[in-house]
Structures are given as C-alpha cells and as structure tokens.
Number of protein chains: 2
Amino acid sequence: MICVPEISSISHQEISLLKPITGYPYNLDFDYGALAQLQHFSINNLGDPFIESNYGVHSRQFEVGVLDWFARLWELEKNEYWGYITNCGTEGNLHGILVGREVFPDGILYASWESHYSVFKAARMYRMECVKVDTLISGEIDCEDFKAKLFTNKNKPAIINVNIGTTVKGAVDDLDLVIQTLEESGFTHDRFYIHCDGALFGLMMPFVKRAPKVTFKKPIGSVSVSGHKFVGCPMPCGVQITRLEHINALSRNVEYLASRDATIMGCRNGHAPIFLWYTLNRKGYRGFQKEVQKCLRNAYYLKDRIRAAGIGAMLNELSSTVVFERPQDEEFVRRWQLACQGNIAHIVVMPNITIEKLDDFLEELVHKRSIWFQDGKVQAPCIAADVGKENCGCALHK
Amino acid sequence: MICVPEISSISHQEISLLKPITGYPYNLDFDYGALAQLQHFSINNLGDPFIESNYGVHSRQFEVGVLDWFARLWELEKNEYWGYITNCGTEGNLHGILVGREVFPDGILYASWESHYSVFKAARMYRMECVKVDTLISGEIDCEDFKAKLFTNKNKPAIINVNIGTTVKGAVDDLDLVIQTLEESGFTHDRFYIHCDGALFGLMMPFVKRAPKVTFKKPIGSVSVSGHKFVGCPMPCGVQITRLEHINALSRNVEYLASRDATIMGCRNGHAPIFLWYTLNRKGYRGFQKEVQKCLRNAYYLKDRIRAAGIGAMLNELSSTVVFERPQDEEFVRRWQLACQGNIAHIVVMPNITIEKLDDFLEELVHKRSIWFQDGKVQAPCIAADVGKENCGCALHK
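Residues numbered from 1 in each chain as written. Chains lettered and ligands numbered in written order. Predicted model: local features only at pLDDT ≥ 70, side-chain atom pairs only at ≥ 80, totals over all residues. Heavy atoms only, no water.

**Points about the pattern of salt bridges**
Side-chain pairs of opposite charge can arise where the charged atoms are in close proximity. Residues and elements named next belong to chain A. This is how the line gets drawn: Any Lys or Arg side-chain nitrogen located within 4 Å of an Asp or Glu carboxyl oxygen qualifies as a salt bridge. Under the scheme used here, helices are H or I runs from DSSP no shorter than 4 residues and strands are E runs no shorter than 2 residues, and both carry numbers assigned from the N terminus. The buried label applies to any residue whose accessible area, calculated with a 1.4 Å probe on protein chains only, is under 20% of its type's maximum; exposed applies above 50%, and partly exposed to all values in between.
For the coordinates displayed, the defined rule picks out 38 salt bridges over all chains. In this structure, Lys218 engages Asp176 in a salt bridge whose closest nitrogen and oxygen atoms are separated by 2.9 Å. Here the residue Lys218 occupies a position in the loop between strand S5 (192-197) and strand S6 (222-226), and Asp176 occupies one in helix H7 (residues 175-184), the gap between them amounting to 42 residues. The class of Lys218 is buried, set by a relative accessible area of 18%. Three or more residues are tied together by salt bridges with common partners; here these are Glu75, Lys213 and Lys217.

Now the structure itself:
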C-alpha cells in the first residue's frame with residue numbers, strides 16, 4: 001500500500017556511509033537503560049509548564065528543572081522568569097519575537113542579514129515591519145548601520161533580534177554595543193525589546209572566558225537555545241526563557257486544558273525534557289565547560305590546519321564554526337554533510353567531533369582539491385568578501 | 001544542582017495510579033525491537049519533506065510515504081499536494097490558516113466558538129480579523145449564523161476553519177453545508193479558503209459509513225490531523241496536507257539548508273514519521289476501520305450506560321466523544337484524566353479503551369454520585385444548555 005523502504009533498511013550501515021562533521025551530534029551516547037523504557041509512554045506536556053493540566057502522563061517536573069537551570073545560567077530569579085521547552089530553535093525565535101510584538105504592537109523588528117531565516121519568517125507571519133541591518137565581515141551586526149536605521153525610525157519602538165552565534169559564520173553579536181547603540185539613539189529601556197537567538201552558541205558562550213555575557217541583568221526580553229545541537233538531545237528541541245511580566249501580555253486561559261495558552265505549540269514532546277534534564281545532571285556545569293573548551297580547541301586546530309594547507313578559512317574568536325572555501329564537488333559536500341552558502345561552507349565543531357575525524361576530513365579535502373584544481377582551469381574561489389582578505393586563500397590574496 | 005526527581009521515580013507504578021480514559025493512548029503496543037534502535041540517532045527532517053537538505057540522517061522517505069497515504073485518503077493527486085509531518089495539531093492549524101492568509105491577505109477568518117484555541121491564537125499571531133460563529137447544541141457550526149456574518153462582510157474573502165471533530169463535544173461541522181452557505185452568500189471558489197481541523201476525528205471519519213466526506217474534490221485548501229491520538233504515536237505529531245499551488249505563496253528558498261522554507265518549524269522530529277509509517281503499514285486501512293468501529297461501538301455503549309444510570313450525557317452521531325455531567329470531585333476528575341468545561345466533562349473513546357475500563361469508570365461514577373448527592377443538598381447540575389433538554393439528567397429534565 002505504501003511504497004517506502006522497510007524499516008530495517010535504515011541501517012547503521014547506510015547511515016555510516018555519511019560522515020556528518022557538523023551541527024547535530026548524530027550518534028548519541030545516552031544510557032538508554034532507563035530512558036528507553038519511557039518510549040513506551042505517550043508523554044505530553046500540554047500547555048504551560050508551570051500549570052498542571054488534566055493530562056497526567058507528563059514530564060513537567062523535569063521541564064521545570066531544566067528551565068530553572070537555564071534561568072539561573074542567564075541570571076533571572078525563579079519568581080521572575082517564564083519559559084518552556086520548545087520543539088526547536090525556530091519555535092524559540094517565533095516565541096521571543098511574538099512576545100516582543102505583544103509588548104510593542106507597533107514596534108519595528110531589527111535583525112541583521114545573517115540572522116536565522118526563522119526571524120524573517122516571524123516578521124512575515126506576524127505582519128511586522130522588519131528592517132534588515134548590515135553585518136561586518138565577521139558576521140556580527142554592524143552597529144553603525146543599526147544606528148543609522150534606528151535614526152530614521154525614531155518614532156517607533158524597537159524589537160531587536162541579537163544573534164548569539166549566527167547560523168553560517170557563528171558570529172556573536174555584541175550585545176553590549178547593541179544596547180549602547182539603542183541608548184545613544186534615544187531609545188530608553190521601555191522602548192525596546194531584545195530577543196537573543198542563542199540556538200547554537202547560547203549554551204556554549206557562558207563557558208567561554210572572554211565572551212560578553214548574556215544575562216537578564218541587562219535589558220533583554222528573552223533568550224532561546226537549541227537542545228539537539230550542543231546538548232545532543234536525540235530529538236529536535238530547545239529552551240525558551242523570558243520575563244514573567246511579559247508573558248501576561250501573551251497568554252489566555254484555556255479551561256478545557258485547565259492551563260494557560262502561552263506557548264506556540266499546544267501538545268509538546270514530553271521525552272525531550274527528560275533527555276535534557278538527564279544530560280544537564282550527568283554532565284553538569286563543569287562537564288559542559290570541558291566540552292566547550294574541547295570544541296573551541298578543535299575548531300582552532302581545524303582552522304589552523306586548513307589555513308596551513310593554503311585554503312581560505314575563518315574562525316570567529318568566540319565560535320566553534322569554521323568557515324572555509326566551498327568544496328567544488330557536491331558528492332564531497334554530501335558525504336561530509338556540509339552546509340554551504342555562496343562560495344563558503346562551514347563546519348560546526350561539536351563535542352562528538354574528534355581530532356581524528358578532522359584529520360580525515362582535511363586529508364580528503366586536500367586530496368580532492370589537488371584533483372579539482374590540477375590542470376589550473378578551475379581556480380580556488382576568492383572568498384575575501386565573505387571572510388576578509390587576510391583569511392582568503394585565492395590566487396590574488398594568499 | 002537541579003532539584004527534580006530522579007528518572008527512576010517516573011515509574012510504571014506512579015503512572016499506573018492514573019487511569020487515563022480519554023484522548024491520548026498512553027500505553028503503547030509498538031514493537032520496539034527495530035524502532036528502539038533508532039532512538040540512538042538524532043533523526044531530523046529539516047525543512048521541506050520533498051527537497052533533500054544537507055543533513056543526511058533523516059527519515060524523509062518515510063515522511064513522504066505517510067503523506068502519500070493521507071493525500072490518497074483525502075483524494076489529492078500525488079503531483080498536486082504538498083504537506084509535512086508537524087509537531088502537533090496546533091502546528092497543522094497554524095499552517096493551514098497561514099496558507100489561507102497568504103492566499104487571501106485581506107481575508108476574514110471565520111471559526112465557530114467551539115473551535116480549538118489554536119485557531120484563535122493563529123488569528124492573533126497573524127493579525128487577522130476573526131469572526132466567531134455560533135454553534136448548535138451538538139457543537140456543530142451554525143450555518144444560519146455563518147450566513148448572517150458572511151452577509152455583513154461580503155467585501156472581503158473568507159477563510160474558514162471547519163472542525164472535523166470539535167475538542168469538547170467531538171462535533172463534526174457539515175462541510176457540504178458550509179460550502180453551500182458560502183456559495184449562496186455569493187462567495188465564488190476563488191474568494192474563500194477552507195482549512196479542515198481534523199485533529200482527532202480527521203483520521204476516523206473516513207471509516208465511518210454515514211459521515212460526510214472530507215476530500216480535496218471539494219473546494220477545500222488544507223486538512224490537518226494529529227498522529228498521537230487515534231494513531232497512537234508516542235510523541236506529539238500531526239499530518240498537514242494542502243494544495244501544492246498554495247504553497248508557492250508561502251515558501252522561500254533557504255540556501256544554507258539547500259531546502260525551501262514552507263513549514264512553520266525548522267528542525268523536525270525524524271522519529272515521528274517512522275512511527276506513523278510503521279503504524280499505517282501494520283494496521284492498514286482495514287485495521288483502522290476495525291478500530292474506528294470499536295471506538296464508536298464502545299462510545300455508544302458508554303453513553304447508553306451513563307443515560308441508563310440517570311446521568312445527563314450526549315454523543316454526536318459521528319463521534320466517539322461522550323459528553324456528560326461534570327463530576328463534583330476534582331480528585332475523581334484527576335484520577336480519570338477527564339477534561340472539563342463549565343458543567344460538562346468528556347471522554348474521548350480511543351482504541352486502547354476497553355469495555356472493562358468503561359464499566360469500572362461507570363461503577364465508580366455511580367458510586368461517587370451517590371455520595372456527592374446523598375443528602376440532597378447538592379443536586380446534579382442542569383446541562384441542558386450544553387447537551388439539550390432531551391440529554392440532560394437534572395431534576396427538571398430527567
């Protein structure tokens with residue numbers, strides 16, 4: 001009746017032909033003893049995590065435990081925060097920007113060009129005026145341009161998406177400079193709302209020494225982070241934290257759920273909070289710190305080796321995302337699961353990536369390049385516009 | 001560091017204290033041999049199901065298999081449909097209504113008062129004008145009122161949410177009458193968009209003999225259904241099917257995903273399509289038919305027994321949702337996981353509910369009522385306004 005392969009054909013063997021080197025840890029090391037048992041139950045965290053609903057098979061106490069951990073990480077008091085575990089980074093952005101719009105119904109959404117596509121999708125869904133702001137070569141928001149654009153829209157409140165790690169270059173927007181720019185442009189704290197999209201790097205940055213701090217002690221409205229990237233949850237999920245005071249603007253009671261409707265989704269995966277809680281407990285703050293250090297070390301190693309091989313590459317100081325010249329061969333891109341944009345590709349170095357894997361990758365890349373470029377007819381592309389002249393490996397700049 | 005219970009404390013024992021009788025089959029009978037293996041992989045169906053993205057550990061071929069099955073069920077040709085597996089019924093409604101709004105940017109959203117709360121959330125999120133339409137006692141949309149409201153808004157296109165099973169009463173809106181009302185009110189097919197919210201009953205109705213047919217041969221735009229209710233998937237999920245022609249109005253290309261952005265969420269659970277596919281394959285059309293018949297039979301049995309015990313109750317002809325007098329005791333409500341609204345409660349009879357469980361429930365209800373109402377000080381509430389005089393069991397109407 002249905003023409004798709006048998007389940008047994010999604011085999012380890014088939015998956016092992018791929019060598020994903022980026023983004024999502026795909027081979028997980030959870031202890032499945034206890035957790036696998038839970039797959040027999042339909043666990044569903046309907047509605048608001050802080051209000052008991054009438055469906056009893058939930059994992060709300062784990063969810064609130066995870067949220068407490070993140071609220072503490074981002075320095076918001078227990079009685080002052082609200083949040084929930086989302087289905088993915090997109091849901092976090094959709095929620096954060098919606099809260100911003102409900103706080104400032106006529107606010108303009110500002111987001112840099114290198115923001116995640118869900119930010120612009122939100123603007124369209126929510127019928128918000130959206131102003132795109134230029135970026136620096138690093139991928140960070142250009143606050144000079146931001147200032148100029150604020151200046152021409154002084155009469156309307158500002159809702160700003162701040163990237164804690166952009167999708168392609170892993171660039172971290174300078175939150176302090178964004179706030180300073182707003183203040184210098186005459187926007188008082190009651191006339192702007194900042195959502196921090198920390199999908200990837202929101203959870204890594206607290207463990208990086210020199211990184212500017214994401215904290216609710218600064219005038220921000222919400223932070224979101226993904227749970228299936230750095231944390232390695234086996235299903236897409238994320239964490240969204242906002243100020244409790246804002247959530248009242250958004251929510252309404254739903255009697256038949258015996259709950260409040262403040263989330264984007266209604267039924268919510270109840271297994272994800274347990275996986276997140278388990279990982280937070282097992283690794284703890286120190287464990288994450290170690291893993292972040294390993295990721296950054298390995299990313300530097302990779303960038304240095306790529307550069308040493310004469311290939312254009314860039315690594316932002318606060319990031320584990322190595323940007324480099326786009327490989328010429330789509331088969332190579334597919335095999336290593338590289339994400340590409342224009343002339344560049346990237347590798348997001350996650351905890352599951354070893355030095356050996358990076359060496360394998362580099363060896364194959366160098367070998368393949370010698371074939372692609374052997375007769376001189378095809379040349380390595382110039383990526384100076386993407387990564388700066390000093391990081392480019394093209395004939396002109398190297 | 002985190003103050004929540006140990007994983008081992010979510011035990012079978014604790015869950016078994018609850019006796020959920022409604023909505024979500026919580027104790028699943030999947031064969032976990034093959035499926036449990038897959039939990040070791042982070043399976044992620046990024047972006048559009050019909051376009052290969054750059055993340056290779058996906059279950060897109062299962063997803064498309066499931067979508068094909070549903071497109072065939074609802075009679076839309078393979079090259080004319082688009083769809084995806086959502087995170088829940090809410091995402092289906094958010095998507096369907098968004099497609100409607102993109103097709104008719106100045107359209108008015110019409111939905112009956114008994115529509116799911118996500119429909120009104122969509123209107124608010126999307127900044128759409130929303131007109132609430134009255135319902136009949138059954139819970140169905142009142143097409144007389146619909147006509148009157150269309151009449152006062154003739155100048156704007158209509159986007160209509162049609163309920164294939166309302167949340168509380170399981171009422172099925174009369175799709176044919178809705179279309180007829182639109183036509184009689186001068187709305188030609190190019191001036192309205194119908195989204196069918198079939199969260200619960202969308203998958204059951206095709207197997208009910210006398211039920212009006214949900215089919216794309218009628219002028220409808222989209223249908224959504226939940227996967228964790230009747231189908232019994234262990235994680236919240238749903239299926240959304242729409243016309244391919246509409247999706248171009250909504251989508252944009254996202255280069256770094258090598259995909260198209262036509263879904264609400266970005267990362268999408270890759271395990272859900274496999275569970276859905278497995279169930280469709282294992283049970284098949286005939287299996288579902290049998291289960292639907294069993295649910296309807298059991299629902300009739302329950303309604304008849306409740307009425308025979310002198311208690312007010314109603315069961316819509318095309319539904320397995322039994323509505324009855326709200327129990328007086330919150331502990332009883334919690335133990336049986338009943339959803340309540342005003343003076344009524346409901347039981348959604350799903351395939352996992354046996355006659356024995358229904359008998360247990362009724363026995364306990366009758367026993368408890370004899371305590372609640374023993375001294376005559378408290379009387380059974382009148383629910384005539386909710387279920388009609390003929391179905392009420394109060395002192396006045398019985």
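**Observations regarding helix H4 (residues 89-103) of chain A**
Worth spelling out the cut-off: The span expected for a helix works out to 1.5 Å for each residue beyond the first.
Along its 15 residues, H4(A) runs 21 Å from first to last C-alpha, staying within 8% of the 21 Å computed at 1.5 Å per residue. With 14 of its 15 residues buried, H4(A) lies for the most part within the structure.

**What about the packing of aromatic side chains?**
In plain terms, the rule: Under the pairing criterion, centres of Phe, Tyr and Trp rings, with the six-membered ring standing for Trp, must be within 6.5 Å; the plane angle then separates stacked pairs below 30 degrees from edge-to-face pairs above 60, leaving the rest tilted. Charge-over-ring placement is defined geometrically: NZ (Lys) or CZ (Arg) within 6 Å of the ring centre, and within 35 degrees of the ring normal.
Counted under the stated rule, the structure contains 32 aromatic pairs over all chains. Measuring from ring centre to ring centre gives 5.6 Å for A:Tyr110 and A:Phe146, while their planes differ by 75 degrees; the resulting arrangement is edge-to-face. Separated by 36 residues along the polypeptide, A:Tyr110 in strand S2 (residues 108-112) and A:Phe146 in helix H6 (residues 143-151) bring together distant segments of the chain. In terms of burial, A:Tyr110 and A:Phe146 fall into one category: buried. Ring geometry for B:Trp372 against B:Phe373: centres 6.3 Å apart, planes inclined by 80 degrees, an arrangement best described as edge-to-face. In this structure, B:Trp372 and B:Phe373 share a single accessibility class: buried. One aromatic cluster is present, built from ring pairs that chain together A:Trp69, A:Phe70, A:Trp74, A:Phe207, A:Phe230, A:Tyr285 and A:Phe288. Cation over ring: A:Lys132 sits above A:Phe120, and NZ or CZ is 4.3 Å from the ring centre.

**Thoughts on the UniProt feature "modified residue: N6-(pyridoxal phosphate)lysine" (unreviewed entry) in chain A**
Residues and elements named next belong to chain A. What counts is decided by this rule: UniProt positions are given in the numbering used here, feature names are shortened, and annotations may be inferred rather than shown by experiment. For the purposes of these results, a polar contact is taken to be a pair of N or O atoms within 3.5 Å, where, inside protein, one atom must be able to donate a hydrogen and its partner to accept one; residues adjacent in sequence count only when each atom of the pair is a side-chain atom.
When the UniProt feature table is mapped onto this chain numbering, "modified residue: N6-(pyridoxal phosphate)lysine" (unreviewed entry) sits at Lys229. Judged by its relative accessible area of 15%, Lys229 is buried. Only 3.4 Å separates the side chain of Lys229 from the side chain of Ser226, close enough to count as a polar contact.

**Concerning the sheet that holds strand S4 (residues 158-163) of chain A**
Residues and elements named next belong to chain A. Stated precisely, the cut-off is as follows: Two strands pair if DSSP finds at least two bridges between them. Think of each axis as a best-fit line through the C-alpha atoms, taken over the contacting stretch in the case of a helix, with angles from 0 to 180 degrees between the N-to-C directions.
Across the sheet, which stays open at both edges, the seven strands sit in the order S1-S7-S6-S5-S4-S2-S3 with mixed pairing between neighbours. The open sheet has two edge strands with one neighbour each: strand S1 (81-86) and strand S3 (130-133). Going across the sheet, the axis of each strand differs from the next one's by a mean of 15 degrees, ignoring polarity. Looking at chain direction, S6 and strand S7 (residues 238-243) are connected through five bridges and run antiparallel. Residue Val225 lies in a different strand from S7, and its bridge partner there is Val239.

**Some words on the packing of H4(A) against helix H5 (residues 117-125) of chain A**
Residues and elements named next belong to chain A. Going by this rule: We call two directions roughly parallel when the angle between them is under 35 degrees, roughly antiparallel when it is over 145, roughly perpendicular when it lies between 65 and 115, and oblique otherwise. We call a crossing left-handed when the near helix sits turned anticlockwise from the far one by less than a right angle, and right-handed when that turn is clockwise. Any two residues whose heavy atoms approach within 4.5 Å at even a single point are treated as in contact. Only Asp, Glu, Lys and Arg are considered charged, only Ala, Val, Leu, Ile, Met, Phe, Trp, Tyr, Cys and Pro nonpolar, and every remaining residue, Gly among them, polar.
Remark: H4 packs on H5, axes separated minimally by 9 Å, with the N-to-C direction vectors making an angle of 45 degrees. The orientation of H4 with respect to H5, classified from their angle, is oblique. When you trace H4 past H5, the crossing you get is right-handed. Seen from H4, the contacting residues are Thr90, Asn93, Leu94 and Ile97; seen from H5, they are Ser118, Val119, Lys121, Ala122 and Met125. Taken together, the residues that form the contact of H4 with H5 break down as five nonpolar, three polar and one charged.

**Brief notes about the domain arrangement of chain A**
All names here are of chain A. Stated formally: Here the limits of each domain have been adopted from an automatic or database domain assignment. A quick way to say it: buried area is the sum, across both parts, of accessible area lost when two parts are put together, with a 1.4 Å probe.
Assigned domains of chain A: these are domain 1 (7-24 + 285-391) and domain 2 (33-283). Its C-alpha centre places domain 1 at a distance of 28 Å from the equivalent point of domain 2. With 30 residues of domain 1 in contact, the opposing surface of domain 2 contributes 25 residues. For the pair domain 1 and domain 2, the two sides together bury roughly 2400 Å², of which 69% comes from carbon and sulfur. By the criterion of area lost to domain 2, the three top residues of domain 1 are Tyr285, Phe288 and Leu318, representing 31% of everything that side buries.

**Considerations on the packing of helix H3 (residues 60-73) of chain A against helix H9 (residues 271-308) of chain A**
All names here are of chain A. The contact between H3 and H9 brings their axes to 8 Å, and the two run at 35 degrees. With respect to the hand of their crossing, H3 and H9 are arranged in left-handed fashion. Side by side, H3 and H9 meet where Phe62, Glu63, Val66, Trp69, Phe70 and Leu73 of the first sit next to Pro273, Ile274, Leu276, Trp277, Leu280, Tyr285 and Phe288 of the second.

**As for H5(A)**
Extensive coverage of H5(A) is indicated by the burial of eight of its nine residues. Of the residues making up H5(A), those classed as buried are A:Tyr117, A:Ser118, A:Val119, A:Phe120, A:Lys121, A:Ala122, A:Ala123 and A:Met125.

**Looking at the pairing of strand S11 (residues 321-325) of chain A**
Residues and elements named next belong to chain A. Among the five residues that make up S11, five are buried, leaving the element largely enclosed by the rest of the structure. Across three bridges, the pairing between strand S10 (residues 313-315) and S11 is antiparallel. The partner of Met314 across the bridge, within S11, is Val323. Strand direction decides the pairing type here: S11 and strand S13 (residues 344-348), joined by five bridges, are antiparallel. Paired with Val322 across the strands is Ile347, a residue of S13.

**Things to note about unusual backbone geometry**
The phi dihedral of A:Glu75 falls on the positive side, at around 60 degrees, and the residue is not glycine. Secondary-structure assignment places A:Glu75 in the loop between H3 and S1.

**Here we look at the side chain of A:Thr86**
Residues and elements named next belong to chain A. Along the polypeptide, Thr86 turns up in strand S1. Within polar-contact distance, the side chain of Thr86 engages the backbone oxygen of Cys88 at 3.2 Å. Not counting residues within four places of it along the chain, the set of residues in contact with Thr86 comprises Glu91, Gly92, Cys237, Gly238, Val239 and Gln240.

**A look at the state of the cysteines**
In a disulfide, the sulfur atoms of two cysteines are held together by a covalent bond. Residue and element names in this part refer to chain B. Quick reminder of the rule: Cysteine sulfur pairs qualify as disulfides if the two atoms are within 2.5 Å.
Throughout the structure, instances matching the rule amount to zero disulfides over all chains. Note on Cys237: no disulfide assigned, nearest cysteine sulfur contributed by Cys233 at a separation of 3.7 Å. Accessibility expressed as a relative area gives 0% for Cys237, which makes it buried.

**A few points about the sheet that holds strand S1 (residues 81-86) of chain B**
Residues and elements named next belong to chain B. With mixed pairing, seven strands are arranged side by side in an open sheet as S1-S7-S6-S5-S4-S2-S3. The outermost strands of the open sheet, each flanked by one partner alone, are S1 and strand S3 (130-133). Geometrically, the sheet is characterised by an average inter-axis angle of 15 degrees between neighbouring strands, direction not taken into account. In this structure, strand S5 (residues 192-197) lies alongside strand S6 (residues 222-226), joined through three bridges in parallel fashion. If you follow Asp197 over to S6, its bridge partner there is Ser224. Sitting on the sheet, helix H4 (residues 89-103) touches S1, strand S2 (108-112), strand S4 (158-163), S5, S6 and strand S7 (238-243), and the angle it makes with S5 is about 175 degrees. Contacts from helix H6 (residues 143-151) reach S2, S3 and S4 within the one sheet, and its direction differs from that of S3 by about 155 degrees.

**Observations regarding the pairing of S5(B)**
Of all six residues in S5(B), six are buried, a share of seventy percent or more. The side-chain alternation of S5(B) yields two buried faces, one formed by B:Phe192, B:Ile194 and B:Cys196 and the other by B:Tyr193, B:His195 and B:Asp197.

**Overview of the environment of A:Leu358**
Residues and elements named next belong to chain A. Within the secondary structure, Leu358 is located in helix H11 (residues 355-372). Residue classification places Leu358 among the buried positions, given a relative accessible area of 1%. Spatially, the C-alpha atom of Leu358 lies 48 Å from that of Lys156, the residues being 202 residues apart in sequence.

**Some words on the nonpolar core**
Nonpolar side chains in soluble globular proteins tend to end up buried together. The line we're drawing: Buried residues of nine kinds, namely Ala, Val, Leu, Ile, Met, Phe, Trp, Tyr and Cys, make up a nonpolar core once their side-chain atoms join them within 4.5 Å.
Of all hydrophobic cores here, the largest spans 193 residues; its most connected members are A:Phe70, A:Ile194, B:Phe70 and B:Ile194. Not counting residues up to four positions away in its chain, the partners in contact with A:Phe70 are A:Leu203, A:Val225, A:Val239, A:Ile241 and A:Leu280.

**Overview of the confidence of the model for chain A**
Residues and elements named next belong to chain A. Which entries qualify depends on this criterion: Residue-level confidence of the predictor is what pLDDT reports, using numbers from 0 through 100.
On average, chain A scores 87 in pLDDT, and the residues at 70 or more come to 88%. Confidence over residues 1-16 falls short of pLDDT 50; this stretch has 33 contacts with residues more than four positions distant or in other chains. Confidence estimates for the predicted assembly give a pTM of 0.91 and an ipTM of 0.89.

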